Number of protein chains: 2
Amino acid sequence: MQKLDFQQTAEFLRNCEDAYILIHQSPDGDCIGSGYSLQAVLRQLGKRAKVLCPDEIPAKFSFLLPDTPEEDFTPQTIITVDVADQKLLGCYAEQYGGKVDLCIDHHISNQFYAARTLLCADASAACEVLYKLYRHMGVQFDEPIAKCLYTGIATDTGCFRFSNATAETHRTAAEIMEAFPDIPYSLINRWMFDVKTPERMKAECAMIQAMEYHFDGKCTMVCVTQELVARTGMNPDDTDGMANLALQPEGVEVGITVREREAGVYKVSMRAANDVNVSAICQTLGGGGHVKAAGCLLEGTLAQVRTLLLDAVRKGLENA
Amino acid sequence: MQKLDFQQTAEFLRNCEDAYILIHQSPDGDCIGSGYSLQAVLRQLGKRAKVLCPDEIPAKFSFLLPDTPEEDFTPQTIITVDVADQKLLGCYAEQYGGKVDLCIDHHISNQFYAARTLLCADASAACEVLYKLYRHMGVQFDEPIAKCLYTGIATDTGCFRFSNATAETHRTAAEIMEAFPDIPYSLINRWMFDVKTPERMKAECAMIQAMEYHFDGKCTMVCVTQELVARTGMNPDDTDGMANLALQPEGVEVGITVREREAGVYKVSMRAANDVNVSAICQTLGGGGHVKAAGCLLEGTLAQVRTLLLDAVRKGLENA
């Protein structure tokens, strides 16, 4: 395993041929923007390149896809972007997981599964890493590439809201917007952050109405039971933003979303607003994750799961 | 009425004494950040300065207020920031409206009511104008000033989401964040954009549940009746974000929020997602505003008001 810098990565890309660019399962704006911008850049260099995603690209990101369909070819080079772990390659993990020639990523948790890795853990998004890389390569930016990069950065930072948005992130956005003033950035942001299906809006309402407040409002819990799913027609796997709902109320420190996977099996998402380490709390329950976003899987009745969770959160709040 | 450039404005501020800084009624992050940053800057120059707001500063902005209370004095200079029209000075309009020595603003609709005006209509926020002005003045930035400016810019752009966020806006944010890395920007954003009172969350749910879809979902309408207000305990004047709720559903072009002011009197907020000119629609109903955010006041029964609005919106959609 070799760690590359920007110059070495640029060199590798200039010399590679016939690349498959793999992105992660449950694709988000950052891996999609990364994948399709890199495809465009490699094509600009006269190479064949094709993005492979283990899951379907959600319709809301279709504006990032190129108009011309991708021809098929036998790959000589396997590249992953925004993929911290080869397990995240889903159905492609077995075939390509052990054969990745280059991984470009920004996750501090990167498993260094690739032969070569360009990792910038202080970058807000893989698209921020790629912007810098393309500058190194002297890429001729165009609107499709700029659109991909802006969207990746905006979505991974919650539109510049989260703590991963740095001065460098804003400077990158400024340079992209200056170079391509005609891209409808605010419309992209509306599609990415504001627009919801009526079903999603109703599901959120049902979750808010089902929200429990514990420990003087320091902890919220939303139990998404199969009954709630059936009643609202919501997609229980549509976690995007749902787990953050529990953090909305004023004064909350820990927000818990409990989803009933099957009878007696509950998938728990835990979010921290400030200083409580929810990764440590979830570890006591056999799970794990990041300091501010973690999870675990619990079995039992909903009452048992609730008691387990509240006991663990009480201790976590005391330790904070 | 004199239009000033940055150099002239800097000159004026350097020479002024004992300034009252007036901000607009229903204060938002931009006018509060503008007012208190300017107060800090003038104090840094050894001058007496005091912010006056016609309404109480909402608690969520209290972190922008200085620790030391403002002493009182007789003003020799009246300055307004982020105030497009002297009417917006509320209870101070009569006393000071005609005596404003300097207005610093970014609204294209500025009425030039002041003796001198620095207007940058392409700036996202008054705080973006002030950042540039302070650079001209050679101000020694500190954390309180930086916090004010970041908050003003973030709030006026919906956290860099809206079309007023430009390359210059992002560059300003980058410079502030680079100079003051210890300000908890993501926490500020959480307070400003994510945190809601449980009452507000419930009110939004009630509005979503009351949402009507017209013209194949191209137009939504939410009627905030006195009954709804009483049932949810919501504050019907809490327009911040409420009018935008009607724009959330996928495919909507025009979102209408109708608030029952008193029996038979309805305050209408109209928002456009894309190309429909809601200012023109509201003008046909005796109102007005911006192209994407307008309003009017209608009288009658709710059924009459609904018919009036839907007729006007139908024509507006046909014209778009």
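Because the structure is a prediction, the values reported are computed rather than measured.

Draft legend 1. Expanded view of the relation of the copies chain B and chain A. Between chain B and chain A, the superposition needs a rotation of 180° and an axial shift of 0.0 Å, giving an RMSD of 0.1 Å. Such a turn and shift between the copies fits a two-fold axis. An overlap of 100% is found between the interface residues of chain B and their copies at the interface of chain A, pointing to a shared contact surface.

Draft legend 2. Quick look at the packing of helix 6 (residues 167–179) of chain A against helix 6 (residues 167–179) of chain B. Orientation of helix 6 of chain A relative to helix 6 of chain B, taken along the N-to-C sense of each, is 160°, at an axis distance of 8 Å. When the interaxial angle is binned, helix 6 of chain A and helix 6 of chain B end up roughly antiparallel. Crossing of helix 6 of chain A over helix 6 of chain B shows left-handed handedness. Across the interface between the two elements, A167, H170, R171, A173, A174, M177 and E178 of chain A from helix 6 of chain A touch A167, H170, R171, A173, A174, M177 and E178 of chain B from helix 6 of chain B. Here the contact of helix 6 of chain A with helix 6 of chain B is built from residues that sort into 8 nonpolar, 2 polar and 4 charged.

Draft legend 3. Main features of the environment of K50 of chain B. All names here are of chain B. Mapped onto the fold, K50 is located in strand 3 (residues 49–52). According to the relative accessible area criterion, K50 is buried, its value standing at 16%. It is 9.0 Å that separates the C-alpha atoms of K50 and P75, two residues lying 25 residues apart in sequence. Discounting residues that sit within four places of it in the chain, K50 has contacts with A19, Y20, I21, Q39, E70, E71, D72 and F73.

Draft legend 4. Summary view of the confidence of the model for chain A. Residue-level pLDDT values for chain A average 94, and 98% of them are 70 or greater. Complex prediction metrics read pTM 0.91 and ipTM 0.91.

Draft legend 5. Molecular detail of the pattern of salt bridges. Taken as a whole and assessed by the stated rule, the structure comprises 26 salt bridges over all chains. R171 of chain A serves as the salt-bridge partner of E168 of chain A, at 3.6 Å between the closest nitrogen and oxygen. You can see E168 of chain A and its partner R171 of chain A sitting in helix 6, 3 residues apart, about one turn around the helix. Residue E168 of chain A is classed as partly exposed on the basis of its relative accessible area of 37%. One salt bridge connects E17 of chain B with K47 of chain B, and the closest N-O pair in it is separated by 3.6 Å. Highlighted residues: E17 of chain B in the loop between helix 1 (6–15) and strand 2 (19–22) and K47 of chain B in the loop between helix 2 (29–44) and strand 3, separated in sequence by 30 residues. Counted as one network, the salt bridges with shared partners bring together E168 and R171 of chain A together with E178 of chain B.

Basis of the calculations
- Residues numbered from 1 in each chain as written.
- Chains lettered and ligands numbered in written order.
- Predicted model: local features only at pLDDT ≥ 70, side-chain atom pairs only at ≥ 80, totals over all residues.
- Heavy atoms only, no water.
- Least-squares fit on C-alpha atoms with pLDDT ≥ 70 in both.
- Contact = heavy atoms within 4.5 Å.
- Axes fitted to C-alpha atoms, helices over the stretch in contact; angles between N-to-C directions.
- Helix = DSSP H or I, 4+ residues; strand = E, 2+ residues; numbered from the N terminus.
- Parallel < 35°, antiparallel > 145°, perpendicular 65-115°, else oblique.
- Left-handed = near helix turned anticlockwise from the far one by under 90°.
- Nonpolar A, V, L, I, M, F, W, Y, C, P; charged D, E, K, R; others polar.
- Buried < 20%, exposed > 50% of the residue type's maximum accessible area, 1.4 Å probe, protein only.
- pLDDT = per-residue confidence, 0-100.
- Salt bridge = Lys/Arg side-chain N within 4 Å of Asp/Glu carboxyl O.

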